[in-house]
Amino acid sequence: MSQVEQLLKYQEEDAKLLQIEREAANSEERKNYSIAKNFLTKAPEKLEALDAKAREIGSLAKELEEKYKEIAETLNDFDNVDELIDGGADISFYKKNVLQISERLKAIKAEINAITKAVKDADEEYQAMKKKTISVQKQYEEYRKVYSQYKEQKMAEMKTVQTELDKLAKGIDGEVMKNYQIKRSERIFPILCGVVNGRCSKCGTELSLAGKEKIAVGRVTECDNCHRFLYKG
């Protein structure tokens, strides 16, 4: 059997292995397991961030409450305003100050209400995240078990194909086999393609003069564009 025939046979068997790998990578079993695992990996950090956010907002709300009380107490200074007016004080001055303080208190109260809602929303988000984490933890165990069984099945299928590949590889030049595996790792497949009218049958690039000479004597060359192995078809 020639090197080309051996490579084609190897590639045909390798296509089976690639198909199994793709099935395993895109399976619902793996997808469910990966999503749950990824969620649980990030959950502690997310919960900590939500807790810190709630504490920060709560602290800000407390500060505003204190500020509100402090400003509200300044209104006590106007309790004896009638006596001051009777004494000839300017009423417009006191009205202006009371109005400014009242407006300031309204603004702070609006801030307090907004922050109080933010605290409530942050707490609800934290509780929802915590509840979801507990739920996913239960699902994860089931997904892990199902994926483990699925993976064992696929590994057995891969092992059967790999055994055949190992046998076929013995009849292929070591350097060629090394380059084949490099191309496969680069997601190039099929790796070995025929030449049609002096061009790569995969990408259509015309072979160089040296490449055509190799093909003419039954040797394998490489496409200058897609870097696949080419043989005389």
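For the structure itself, look to the data block above.
Just so we're clear, the structure is a prediction, and the values are computed from it rather than from any experiment.

Remarks on the pattern of salt bridges
Inference 1: Per the counting criterion, the structure on display carries 14 salt bridges.
Inference 2: We note a salt bridge from E13 to K16, for which the minimum N-O separation is 3.3 Å. Taken together, the positions of E13 and K16, both in helix α1 (residues 3-25) and 3 residues apart, correspond to about one turn of that helix.
Inference 3: For K16, a relative accessible area of 44% translates into the label partly exposed.
Inference 4: Notably, a salt bridge pairs E206 with R199, separated by 3.8 Å at the nearest N-O pair.
Inference 5: The exposure class of R199 is partly exposed, given its relative accessible area of 38%.
Inference 6: Linked through salt bridges whose partners overlap, the residues forming this network are D14, E21 and R184.

Focus on the layout of surface pockets
Inference 1: By volume, the largest pocket amounts to about 200 Å³.
Inference 2: Looking at the lining of the largest pocket, the elements with two or more residues in it are α1, α5 (174-185) and β3 (221-222).
Inference 3: Looking at the lining of the largest pocket residue by residue, the class counts come to 4 nonpolar, 3 polar and 4 charged.

Here we look at the nonpolar core
Inference 1: Y10, F39, M129 and Y180 are the most contacted members of the largest nonpolar core, which totals 29 residues.
Inference 2: Of all the elements in the fold, those that place two or more residues in this core are α1, α2 (28-73), α4 (91-169), α5 and β4 (229-232).
Inference 3: Residue contributions to this core peak at 9 residues, all from α4.
Inference 4: Those residues in contact with M129, other than ones at most four positions away along the chain, are F39, A43, K46, L47 and L50.
Inference 5: One finds I57, I101, I112 and I115 within the second-largest nonpolar core, a separate group that totals 10 residues.

Points about α5
Inference 1: Between its first and last C-alpha, α5 extends 17 Å over 12 residues, near the 16 Å set by a 1.5 Å rise per residue.
Inference 2: Along α5, the residues that are buried comprise M177, Y180, K183 and R184. In an axial view of α5, the angular spread of the buried residues amounts to 125°, which keeps them on one side of the axis. Pointing more than 90 degrees away from the buried face of α5 are the exposed residues G174 and S185.

Quick word on the sheet that holds strand β1 (residues 192-196)
Inference 1: Pairing in this open sheet of 4 strands is mixed, and the strands run β2-β1-β4-β3 from one edge to the other. In this open sheet, the two edge strands, each paired with only one partner strand, are β2 (199-200) and β3.
Inference 2: Both β1 and β2 contribute to a ladder of 2 bridges, which runs antiparallel. Bridge pairing in β2 links V195 to C200.
Inference 3: Along the sheet, α1 contacts β1 and β4; its crossing angle with β1, the most-contacted strand, is approximately 125°.
Inference 4: Relative to the sheet, helix α6 (residues 209-216) contacts β1, β3 and β4, its axis offset from that of β4 by approximately 55°.

Description of the pairing of β4
Each regular strand displays side chains that alternate between the two surfaces of the sheet.
Inference 1: Where β1 meets β4, 4 bridges bridge the pair, whose relative direction is parallel. Bridged to C193 within β4 is L230.
Inference 2: Direction of pairing for β3 relative to β4: antiparallel, over a ladder of 2 bridges. Residue pairing for β4: T221 is matched across the bridge by L230.

What to know about the packing of α1 against α5
Inference 1: One way to put it is that α1 packs onto α5 with a least axis distance of 13 Å and a crossing angle of 30°. For the element pair α1 / α5, the angle class is roughly parallel. Here α1 runs over α5; the crossing is right-handed. Along its contact with α1, which presents L7, Y10, Q11, D14, L17, L18 and E21, the element α5 presents V176, M177, Y180, Q181 and R184.
Inference 2: For the contact of α1 with α5, the residue count by class is 7 nonpolar, 2 polar and 3 charged.

About the criteria used
- Residues numbered from 1 in each chain as written.
- Predicted model: local features only at pLDDT ≥ 70, side-chain atom pairs only at ≥ 80, totals over all residues.
- Heavy atoms only, no water.
- Salt bridge = Lys/Arg side-chain N within 4 Å of Asp/Glu carboxyl O.
- Helix = DSSP H or I, 4+ residues; strand = E, 2+ residues; numbered from the N terminus.
- Buried < 20%, exposed > 50% of the residue type's maximum accessible area, 1.4 Å probe, protein only.
- 1 Å grid on protein atoms, 1.4 Å probe; cavity = no way out; pocket = protein on both sides within 12 Å on 5 of 7 lines; lining within 4 Å.
- Points joined across faces, edges and corners; volume = space filled by probe spheres on them.
- Nonpolar A, V, L, I, M, F, W, Y, C, P; charged D, E, K, R; others polar.
- Core = buried A, V, L, I, M, F, W, Y, C linked by side-chain atoms within 4.5 Å.
- Contact = heavy atoms within 4.5 Å.
- Expected span 1.5 Å × (residues − 1).
- Arc of directions from axis to C-beta.
- Pairing = 2+ DSSP bridges.
- Axes fitted to C-alpha atoms, helices over the stretch in contact; angles between N-to-C directions.
- Parallel < 35°, antiparallel > 145°, perpendicular 65-115°, else oblique.
- Left-handed = near helix turned anticlockwise from the far one by under 90°.

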